[in-house]
Protein chains: 2
Amino acid sequence: MADEFSIIDDYFKPLGEAIASPNVVLGIGDDAALLTGRPGYQLAVSCDTLVAGVHFLADTPPEDIGHKALAVNLSDLAAMGAQPAWFSICLTLPEQNERWIQGLVNGLAVLAKQYQVPLIGGDTTHGPLTLSLQIAGWVPNGEAITRSGAQPGDQIFVAGELGWPYIGLLLLNNTLADTATISKTQTRMARQQLLRPEPQMELGSALRGLATSMLDISDGLSADLMHILKASKVGARLNLAAIPKAAPLTQLAPQQQWDAVNFGDEYKLLFTVPKERIAALQSLQQRLGCSLTAVGEITESRVLTDEHGSTIKAKGYRHF
Amino acid sequence: MADEFSIIDDYFKPLGEAIASPNVVLGIGDDAALLTGRPGYQLAVSCDTLVAGVHFLADTPPEDIGHKALAVNLSDLAAMGAQPAWFSICLTLPEQNERWIQGLVNGLAVLAKQYQVPLIGGDTTHGPLTLSLQIAGWVPNGEAITRSGAQPGDQIFVAGELGWPYIGLLLLNNTLADTATISKTQTRMARQQLLRPEPQMELGSALRGLATSMLDISDGLSADLMHILKASKVGARLNLAAIPKAAPLTQLAPQQQWDAVNFGDEYKLLFTVPKERIAALQSLQQRLGCSLTAVGEITESRVLTDEHGSTIKAKGYRHF
């Protein structure tokens, strides 16, 4: 049976070497990777962990786990307006299973190749199935889009429709009441967005100079909007009727629709734009062919309300 | 009960803010941290995972777990000749326990303050107790000490005595036959080296320009030496009699002594130095007051032998 070191050589090294990067001086296989900086750029660094039974079911195909692990990390870079540079992976495995590892690597490779982000190192240990990915990206000096820049009067935008991952989970659990009204295309879309979310990399970078604050919706619409409000020391009026929702949500009761948009695990960008830049945003939307929807406005009042002025209690995914 | 976000604010943010660093533009609390490069330096990046029941017993005090998690990561930087820049932590916890988290943070803080390495971010998730740390350090362009530079004729050195963590584990498990011959100081030393290893940061940086190859002994003497031999495409003659051993090892049978030096979990530096630089190495040893022992010589033959020419089969810790 192959040992830990031959697993690294056979499966993980190729995922570093397949992608040429002038910033990688030394990749996988030493005590540390060696990397060069990029003059005029800052490094954006983030990490996310996926735990079996919490972030994915234990029988999820390893290709899907690999795709999602890299997708959620790339999405954190997109949410800063950064472009990917490299990633590393700490993998905890209950048993050695080379077919499973090959599947995981194949899943990682899709987005790694698409965004030309090489694997530079990691750690393989024995224990309950867990993946921790660390990612780094480049953003021009001073141009990163943080959570703290929202100003009263800024319009709040969501990129894409919310609720698809929620529908995906209902379908996976066979708990959607009326599946007859859902088309095959919709079923595929819901599964895709739950298991293989696409990070909005191009949009994230393009919003530099336009958005005043941004994050990706991982905790759910209201909880993530609250992160922006707290960091920016502002409030917001959310137009509930304007929230772009996945078509299958219409069959759910209003309360469940609200649950769906606050379910999280979406990886859509949520951002704020001053009114005077809305025309530039519309040009961008046309150029990228993406769907951007205004869902509210930043206010001075430090509270989150709906369009009728009623206070909204933020809800979303909590780990504890 | 405090939620995930207040845990980050209350316990982890202070560990970033307590340590001033000109390279940290934005620390904990956004989608990614923002960091600036250092002209003339490369970034050395590494990560290590500690899993409960594998790398530490579940009832280990959280202060010890925190200390060791940062120590083993710092040690990877030392082994490249790098100086610490920042670290992040992905923490998976079975339940929210603020006293445990405070203990962990206190353990991390000791080395973080000692080496002025700020925490810049991370992820807190629910699941089996696991810590993944990622660390970055600075090394002057082209001066990193990798595993691949050993040349035939180079002398092989170990920094410190091997076997203390092994004795520590025997003591912890009450499986050391003769505890009467072990002094209180030795007992403390064995526990200390198992639970709170000290990374050899100063020595690692000082060996730039002297050592041709280096790593830290985490897998055990022979397994780690094999990593250097493989990467450098050379062999070695190890002088078994010269290996610096912890005093309590003398009560063990020769085979168990060999097991002890190959047990790993040591975090002592193992490095190679050309003969013409030995005088400079001796000056360094005097200046730092550290204990460096020559344990063999690099050879052309691509095999590892003992001083009598018998082939040594490398053994050490394996995860699978």
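Details of empty space enclosed by the protein
The full count for this structure, using the stated rule, is 1 cavity of 30 Å³ or more. In this structure, the largest cavity encloses a volume near 150 Å³. Lining the largest cavity are 17 residues, with Val45 and Trp86 of chain A together with Val45, Trp86 and Gln134 of chain B sitting closest to its centre. For the lining of the largest cavity, the secondary-structure elements that each account for two or more residues are strand 3 (41-51), strand 4 (83-93) and strand 6 (130-140) of chain A together with strand 3 (41-51), strand 4 (83-93) and strand 6 (130-140) of chain B. Looking at side-chain class alone, the lining of the largest cavity contains 13 nonpolar, 4 polar and no charged residues.

Some details on the packing of aromatic side chains
Applying the stated criterion across every chain, the model contains 6 aromatic pairs over all chains. Taking 5.7 Å as the distance between ring centres and 15 degrees as the angle between the ring planes, the aromatic pair formed by Phe157 of chain B and Phe271 of chain B counts as stacked. Linking Phe157 of chain B in strand 7 (residues 155-159) with Phe271 of chain B in strand 10 (residues 269-273), this pair joins segments that are 114 residues apart in sequence. The burial state of Phe157 of chain B is the same as that of Phe271 of chain B; both residues are buried. The residue whose ring lies beneath Arg38 of chain A is Tyr41 of chain A, and the NZ or CZ to ring-centre distance is 3.9 Å.

Some remarks on the side chain of Ser222 of chain B
Looking at the secondary structure, you find Ser222 of chain B in helix 7 (residues 221-232). Apart from residues lying up to four places away in sequence, Ser222 of chain B is in contact with Trp258, Asn262, Leu304, Ala314 and Lys315 of chain B.

With respect to the relation of the copies chain B and chain A
Overlay of chain B on chain A (RMSD 0.0 Å): rotation 180 degrees, translation along the axis 0.0 Å. On the angle and the small slide along the axis, the relation comes out as a two-fold axis. Within chain B, Gly37 of chain B has its C-alpha nearest the rotation axis, a separation of 2.8 Å. A shared interface surface links the copies, since 100% of the contact residues of chain B are contact residues in chain A too.

Some thoughts on the sheet that holds strand 1 (residues 24-26) of chain B
Sheet strands pair via backbone hydrogen bonds, and the direction of the pair is either parallel or antiparallel. In space, the 6 strands of this open sheet follow the order 5(A)-4(A)-6(A)-3(A)-2(B)-1(B), with mixed pairing throughout. Strands with a single pairing partner mark the edges of an open sheet, and in this sheet they are strand 5 (119-126) of chain A together with strand 1 of chain B. Neighbour-to-neighbour, the strand axes of this sheet turn through a mean angle of 25 degrees, independent of strand direction. The pairing of strand 3 of chain A with strand 2 (residues 33-35) of chain B spans 3 bridges and is antiparallel. Along strand 2 of chain B, the bridge assignment pairs Leu43 of chain A with Leu35 of chain B. Those strands touched by helix 1 (residues 4-17) of chain A are strand 4 and strand 5 of chain A, and its axis lies near 150 degrees from that of strand 5 of chain A.

Some thoughts on the interface of chain B and chain A
Counting residues at the interface gives 60 residues for chain B, matched by 60 residues for chain A. Both faces considered, chain B and chain A share a buried interface measuring about 4900 Å² in area, 61% of it formed by carbon and sulfur atoms. For the pair chain B and chain A, the interface holds 6 salt bridges. Salt-bridge contacts for Arg147 of chain B lead to Asp30 of chain A; the nearest nitrogen and oxygen are separated by 3.4 Å. Here chain B is connected to chain A by 14 residue pairs in polar contact (both at pLDDT 80 or more). When residues in the side of chain B that touches chain A are grouped by element, the largest group, 9 residues, is from strand 3 of chain B. Looking at the side of chain B that touches chain A residue by residue, the class counts come to 26 nonpolar, 20 polar and 14 charged.

Some words on the domain arrangement of chain A
All names here are of chain A. Domain annotation for chain A reports domain 1 (4-140) and domain 2 (155-305). Computed over C-alpha atoms, the centres of domain 1 and domain 2 are 26 Å apart. Listed by partner, the interface residues are 23 residues for domain 1 and 18 residues for domain 2. Summed over both sides, the interface between domain 1 and domain 2 buries roughly 1700 Å², with carbon and sulfur atoms accounting for 56% of that surface. A salt bridge links Asp265 to Lys68, with the shortest nitrogen-to-oxygen separation between them at 2.8 Å. Taken together, the links from domain 1 to domain 2 amount to 7 residue pairs in polar contact (both at pLDDT 80 or more). Counting residues per element, the ones that place at least two in the side of domain 1 that touches domain 2 are helix 2 (62-78), strand 4, helix 3 (98-114) and strand 6. Residues that form the side of domain 1 that touches domain 2 fall into these classes: 13 nonpolar, 6 polar and 4 charged.

Some words on the side chain of Ser46 of chain B
Residue and element names in this part refer to chain B. Here Ser46 shows up in strand 3. Judged by relative accessible area, Ser46 falls into the buried class, the value being 8%. Of note is the side chain of Ser46, whose polar atom sits 3.3 Å from the side chain of Asp76.

Thresholds applied
Here, residues in each chain are numbered from 1, in the same order as that chain's written sequence. By the order in which they are written, chains take letters starting at A while ligands take numbers starting at 1. For a predicted model such as this one, the threshold for reporting local features is a pLDDT of at least 70, and the threshold for listing and counting side-chain atom pairs is 80 or more; totals across whole chains, interfaces and linings nevertheless cover every residue. Hydrogens and waters are ignored; side-chain quantities use all the structure's heavy atoms. Every definition here rests on a 1 Å grid over the protein atoms only: cavities are sets of points where a 1.4 Å probe fits but cannot get out, pockets are open sets enclosed by protein on both sides within 12 Å along at least five of seven lines, and lining residues have some atom within 4 Å of a point. Grid points are joined across faces, edges and corners, and a volume is the space filled by probe spheres set on the points. Secondary structure follows DSSP: runs of H or I at least 4 residues long count as helices, runs of E at least 2 residues long count as strands, and numbering of each begins at the N terminus. Basically, the charged four are Asp, Glu, Lys and Arg, the nonpolar ten are Ala, Val, Leu, Ile, Met, Phe, Trp, Tyr, Cys and Pro, and anything else, Gly included, counts as polar. Ring pairs shown here join Phe, Tyr and Trp side chains whose ring centres sit within 6.5 Å, with only the six-membered ring taken for Trp; geometry is labelled stacked below 30 degrees between planes, edge-to-face above 60, and tilted in between. Relative accessibility under 20% of the residue-type maximum defines a buried residue, over 50% an exposed one, and the middle range a partly exposed one, all with a 1.4 Å probe and only protein chains included. Charge over a ring is defined by NZ of Lys or CZ of Arg lying within 6 Å of the ring centre and within 35 degrees of the ring normal. Whether two residues are in contact is decided by their heavy atoms: any pair within 4.5 Å suffices. The least-squares superposition of copies is restricted to C-alpha atoms, and to residues with a pLDDT of at least 70 in both copies. DSSP calls a pair of strands paired once it identifies at least 2 bridges connecting them. To get an axis, a line is fitted to the C-alpha atoms, and for a helix only the part in contact is used. The angle between two axes follows their N-to-C directions and goes from 0 to 180 degrees. Buried area: the sum, over both parts, of the accessible surface (1.4 Å probe) that disappears when the two are put together. Here, a salt bridge means any side-chain nitrogen of Lys or Arg that lies within 4 Å of a carboxyl oxygen of Asp or Glu. A 3.5 Å cut-off defines polar contacts: any pair of N or O atoms within that distance qualifies, except that in protein one atom must be a possible hydrogen donor and the other a possible acceptor, and neighbouring residues in sequence count only when both atoms are side-chain atoms. For the domains described, the bounds stem from an automatic or database domain assignment.

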